[in-house]
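Here is what each chain is made of, one letter per residue.
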Amino acid sequence: RENFIHLRNPHLEKMKEDILYHFALGTGTHDFPALFGDVKFVCVGGSPSRMKAFIAYIAEELGLGSPGDDYPNICAGTDRYAMYKVGPVLSVSHGMGIPSISIMLHELIKLLHHAKCSNTTIIRIGTSGGIGLEPGSVVITRQSVDATFKPQFEQVILGKTVIRSTNLDEQLAKELMQCSKEINQFNTVIGNTMCTLDFYEGQGRLDGAICLYNEEEKLRYLKEAYDSGVRNIEMESSVFAAMCNLSGVKAAVVCVTLLNRLEGDQISSSHDVLVEYQQRPQKLVGYFIKKSLGKV
């Protein structure tokens with residue numbers, strides 16, 4: 001069954017042209033169905049360089065590229081986001097935090113709609129702080145929860161507080177977990193992900209420029225988070241889940257943990273170790289895409 005992107009905005013139908021300003025793309029200047037109509041998988045992550053590395057990796061995995069091939073940035077007309085494509089896979093950077101990924105997702109979802117894409121899966125791949133997990137563990141998100149452990153995204157719209165669900169596709173999470181078992185290279189768990197508005201105080205760190213709580217209070221909070229089912233902390237998953245839900249898009253969040261926050265706040269692993277950790281979500285999602293396309 002064809003499952004198309006559902007735009008929850010009747011005003012778009014009245015527009016002669018839709019300019020995706022932060023992508024430097026527009027329906028009046030670009031043929032979206034020709035450029036993007038075959039996209040079935042969209043992978044998004046914070047860093048432009050990481051998303052370029054991912055598209056090179058997936059191109060080789062799918063037999064669509066060779067080592068050293070260059071992949072042009074489709075959004076070269078702007079410095080806000082970077083976008084790369086190979087075959088049915090689109091790789092897009094989203095920056096850091098809820099506001100940045102929210103802007104990107106509004107334009108990405110419209111792009112997929114204008115391109116008439118169907119049965120598209122969007123997966124966020126990234127890094128996070130773990131709770132009670134060995135560094136390098138991969139967390140597939142069951143629910144994104146806020147800093148009070150509620151599975152919701154809260155936003156003020158026209159002066160009123162709007163609350164949206166942050167559940168993610170349960171079947172997709174199970175399929176990703178099965179893929180991790182098949183490649184059997186690193187520890188992977190399904191758990192809740194806490195999405196915060198800040199990297200320092202919002203995540204209970206003791207090493208920011210401002211900190212008005214003590215270590216005992218911090219550890220009590222993180223243990224409460226763990227007991228509620230939280231296994232990692234990042235800053236994008238809540239609005240990602242909410243927007244994908246509203247648009248009828250199957251979505252998942254797959255993040256590697258760079259440290260165990262119960263043991264410290266600063267990332268102390270070597271550069272080489274961190275690079276290898278960051279490749280783990282790429283390997284898992286890359287295997288999932290290959291398996292979905294019958295290439296495993």
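Residues numbered from 1 in each chain as written. Predicted model: local features only at pLDDT ≥ 70, side-chain atom pairs only at ≥ 80, totals over all residues. Heavy atoms only, no water.

The protein chain appears in an unreviewed UniProt entry as Uridine phosphorylase from Pluvianellus socialis. Taken from UniProt, the Catalytic activity (unreviewed entry) comment for the protein chain reads in full: "uridine + phosphate = alpha-D-ribose 1-phosphate + uracil". UniProt, in its Function (unreviewed entry) section for the protein chain, records the words "Catalyzes the reversible phosphorylytic cleavage of uridine to uracil and ribose-1-phosphate which can then be utilized as carbon and energy sources or in the rescue of pyrimidine bases for nucleotide synthesis. Shows broad substrate specificity and can also accept deoxyuridine and other analogous compounds." (UniProt positions renumbered as here; feature names shortened; annotations may be inferred.)

Draft legend 1. Region of the structure containing the environment of Ile210. Within the fold, Ile210 resides in the loop between strand S10 (188–195) and helix H5 (215–227). When the C-alpha atoms of Ile210 and Tyr200 are compared, they prove to be 8.5 Å apart, with 10 residues separating the residues in sequence. (Helix = DSSP H or I, 4+ residues; strand = E, 2+ residues; numbered from the N terminus.)

Draft legend 2. View of the pairing of strand S6 (residues 121–130). Among the 10 residues of S6, nine are classified as buried, and the element is accordingly described as predominantly covered. In this sheet, S6 lies alongside strand S3 (residues 41–45) in parallel orientation, the contact comprising four bridges. Its bridge partner being in S6, Val44 is matched across the sheet by Arg124. Note: S6 against strand S11 (residues 230–234), two bridges, orientation antiparallel. Bridge assignment links Gly130 to a residue of S11, and that residue is Asn232. (Buried < 20%, exposed > 50% of the residue type's maximum accessible area, 1.4 Å probe, protein only. Pairing = 2+ DSSP bridges.)

Draft legend 3. Structural view of the packing of aromatic side chains. Taken as a whole and judged by the stated rule, the model has five aromatic pairs. Judged by centre distance (6.0 Å) and plane angle (65 degrees), the rings of Phe32 and Phe36 are edge-to-face. Placement of the pair is Phe32 and Phe36 together in helix H1 (residues 32–36), with a separation of four residues, close to one helical turn. You'll find Phe32 and Phe36 in the same group, each marked buried. Considering the side-chain rings of Phe41 and Phe288, the 6.2 Å spacing of their centres and the 90 degrees angle between planes classify their relative orientation as edge-to-face. (Phe/Tyr/Trp six-rings, centres within 6.5 Å; stacked < 30°, edge-to-face > 60°.)

Draft legend 4. Local environment of the UniProt feature "domain: Nucleoside phosphorylase" (unreviewed entry) in the protein chain. Residues annotated in UniProt with the feature "domain: Nucleoside phosphorylase" (unreviewed entry) correspond here to residues 40–289. Here residues 40–289 is 35% helix and 27% strand, with 9 Å between the C-alpha atoms at its ends.

Draft legend 5. Quick look at the nonpolar core. Phe23, Leu108, Leu111 and Phe240 are the most contacted members of the largest nonpolar core, which has 40 residues in total. Where this core is concerned, the elements lending two or more residues are H1, S3, strand S5 (89–93), helix H3 (98–114), helix H6 (237–246) and strand S12 (250–260). For this core, the element with the most residues is H3, which contributes eight residues. Among all residues touching Phe240, those that are not within four sequence positions of it are Val44, Ile101, Leu105, Ile122, Ile123, Arg124, Leu168, Ala251, Ala252 and Val253. The next biggest cluster of nonpolar side chains, apart from the first, holds 36 residues, and it includes Ile125, Leu176, Ala252 and Leu258. (Core = buried A, V, L, I, M, F, W, Y, C linked by side-chain atoms within 4.5 Å. Contact = heavy atoms within 4.5 Å.)

Draft legend 6. Just the UniProt feature "binding site: phosphate" (unreviewed entry) in the protein chain, in detail. The feature "binding site: phosphate" (unreviewed entry), as given by UniProt, occupies Arg80, Arg124, Ile125, Gly126 and Thr127 in the numbering adopted here. Locating Arg80 in the fold gives a position in the loop between helix H2 (48–61) and strand S4 (83–86). The residue Ile125 is located in strand S6 in this model. Judged by relative accessible area, which is 3%, Ile125 ranks as buried. Once you skip the residues sitting within four places of it in the chain, Ile125 turns out to touch Cys43, Val44, Gly45, Met51, Phe54, Val254, Pro281, Gln282 and Val285.

Draft legend 7. Region of the structure containing the packing of H3 against H6. Orientation of H3 relative to H6, taken along the N-to-C sense of each, is 25 degrees, at an axis distance of 9 Å. In this view, H3 runs roughly parallel relative to H6, as classed from their interaxial angle. In this structure, H3 meets H6 at a crossing whose hand is right-handed. Of the residues in H6, those in contact with Ile98, Ile101, Ser102, Leu105, His106 and Ile109 of H3 are Ser238, Val239, Phe240 and Met243. (Axes fitted to C-alpha atoms, helices over the stretch in contact; angles between N-to-C directions. Parallel < 35°, antiparallel > 145°, perpendicular 65-115°, else oblique. Left-handed = near helix turned anticlockwise from the far one by under 90°.)

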